[in-house]
Amino acid sequence: MTKKIFMYLFISLLLSSSVLAEDDWDNFGNIDRAWDGQKSITNKEFEEAINVLEGKKKQKEEKQNKRKIKKISGGGNSLHSELGVGEEIKKLSEITKNEEGLLLNIPVNLIIDGTPLEKGYYKVFAEKDKNNDIYFKFYQSQFFKGQIRASITDNDFNKETIDFIELTPYDDNFVKIIFGSLDFNAYAYVRYQSNI
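Fair warning: this is a prediction, and the values are worked out from it, not measured in the lab.

What about the overall build of the protein chain?
What the protein chain contains, in helices and strands, is 2 helices and 9 strands. Secondary structure elements of the protein chain occur, N-terminal to C-terminal, as α-α-β-β-β-β-β-β-β-β-β. For the protein chain, the residues scored as buried account for 19% of the 196 residues in total. A sequence separation of at least 24 residues applies to 37% of the contacts in the protein chain between residues at least 6 apart. Element-wise, carbon and sulfur atoms account for 53% of the exposed surface of the protein chain, whose accessible area totals about 16,900 Å².

Below, the structure written as C-alpha cells:
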C-alpha cells in the first residue's frame, strides 16, 4: 500500500512539473522580438562609459593609497618638506665602486721614500695590502710613480660625495692628503719640497 501511495505521489509530481514547464515555454514565444526596444550604442559612447568606470576605479585606488600612507605616517605633516605625505619617494641612484681611481692635482713636489714626486696631475688608487695596511698609489698615464702609507679613519671630512681625494696644506713641511671611497676613508701626511 505504501508503494502505491508513493507511486501515486511520484506520478502526480511528474505531471504537475510538466504542466508548469509548458507554461514557462509559453513565455519564450516572443524571443525573436526581445531586442526590439533596445537602443544601439556607438563605439564612442561605449568608450566614454568605460573611461568613467575606469576613472572611478582609479579614484578608489588613490583613496586606498592615501589611507595606507596615513596609517604609516600618522596623517600629519612631516618636519622635513621632502618627506611629506603627498611627495613621491625618490629612487636612490645605484652606488658603484670606483674602479678608475681619482684624479689629484699636486701643486708641489712631494717627497716619497726620499725621492721627489714632481708636481702635476696623478691618478690615485687607495688599496689595502695583505696586512690590511692602506697605501695611496700614484700613477701618471699607466706608469706607477710611487706610493705612500695612509691611515684609515671614520671621518668623512665633511664631503658631500662618497669618492673624493684632496690635498691640503698642513704646515711648512707637510701636506695632508684625504681620501674617501665606498670601502673606507683614509688620510696621510706627506713631506713636500719647498720651491727653491
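Some details on the pattern of salt bridges
Throughout the structure, instances matching the rule amount to 3 salt bridges. Here Glu 166 and Lys 159 are joined by a salt bridge, their closest N and O atoms 2.3 Å apart. Judged by its relative accessible area of 27%, Glu 166 falls in the partly exposed class. On the basis of relative accessible area, Lys 159 is assigned to the partly exposed category, the value being 28%.

Focus on a nonpolar patch on the surface
Taken together, the side chains of Phe 6, Met 7, Phe 10, Ile 11, Leu 14 and Leu 15 define a hydrophobic patch exposed on the protein surface, amounting to about 650 Å² of accessible area. On the secondary structure map, Phe 10 appears in helix H1 (residues 2–26). Judged by its relative accessible area of 46%, Phe 10 falls in the partly exposed class.

Describing the packing of aromatic side chains
Under the counting rule described, the total for this entry stands at 8 aromatic pairs. Taking 4.6 Å as the distance between ring centres and 55 degrees as the angle between the ring planes, the aromatic pair formed by Tyr 170 and Tyr 189 counts as tilted. Residue Tyr 170 is located in the loop between strand S7 (164–169) and strand S8 (174–180), and its partner Tyr 189 is located in strand S9 (residues 185–193); the two are separated by 19 residues in the primary sequence. Owing to a relative accessible area of 39%, Tyr 189 belongs among the partly exposed residues under this scheme. Centroid distance Tyr 187 to Tyr 189: 5.7 Å. Interplanar angle 75 degrees. Geometry classified as edge-to-face. Each member of the aromatic cluster is reached from another via a ring pair, and the members are Phe 125, Tyr 139 and Phe 144.

The rules behind each value
Residues numbered from 1 in each chain as written. Predicted model: local features only at pLDDT ≥ 70, side-chain atom pairs only at ≥ 80, totals over all residues. Heavy atoms only, no water. Helix = DSSP H or I, 4+ residues; strand = E, 2+ residues; numbered from the N terminus. Buried < 20%, exposed > 50% of the residue type's maximum accessible area, 1.4 Å probe, protein only. Contact = heavy atoms within 4.5 Å. Areas by Shrake-Rupley, 256 points an atom, 1.4 Å probe, with all protein chains shown as cover. Salt bridge = Lys/Arg side-chain N within 4 Å of Asp/Glu carboxyl O. Patch = residues over 30% accessible without salt bridge, like charges linked within 9 Å, V, L, I, M, F, W, Y side chains within 5 Å. Phe/Tyr/Trp six-rings, centres within 6.5 Å; stacked < 30°, edge-to-face > 60°.

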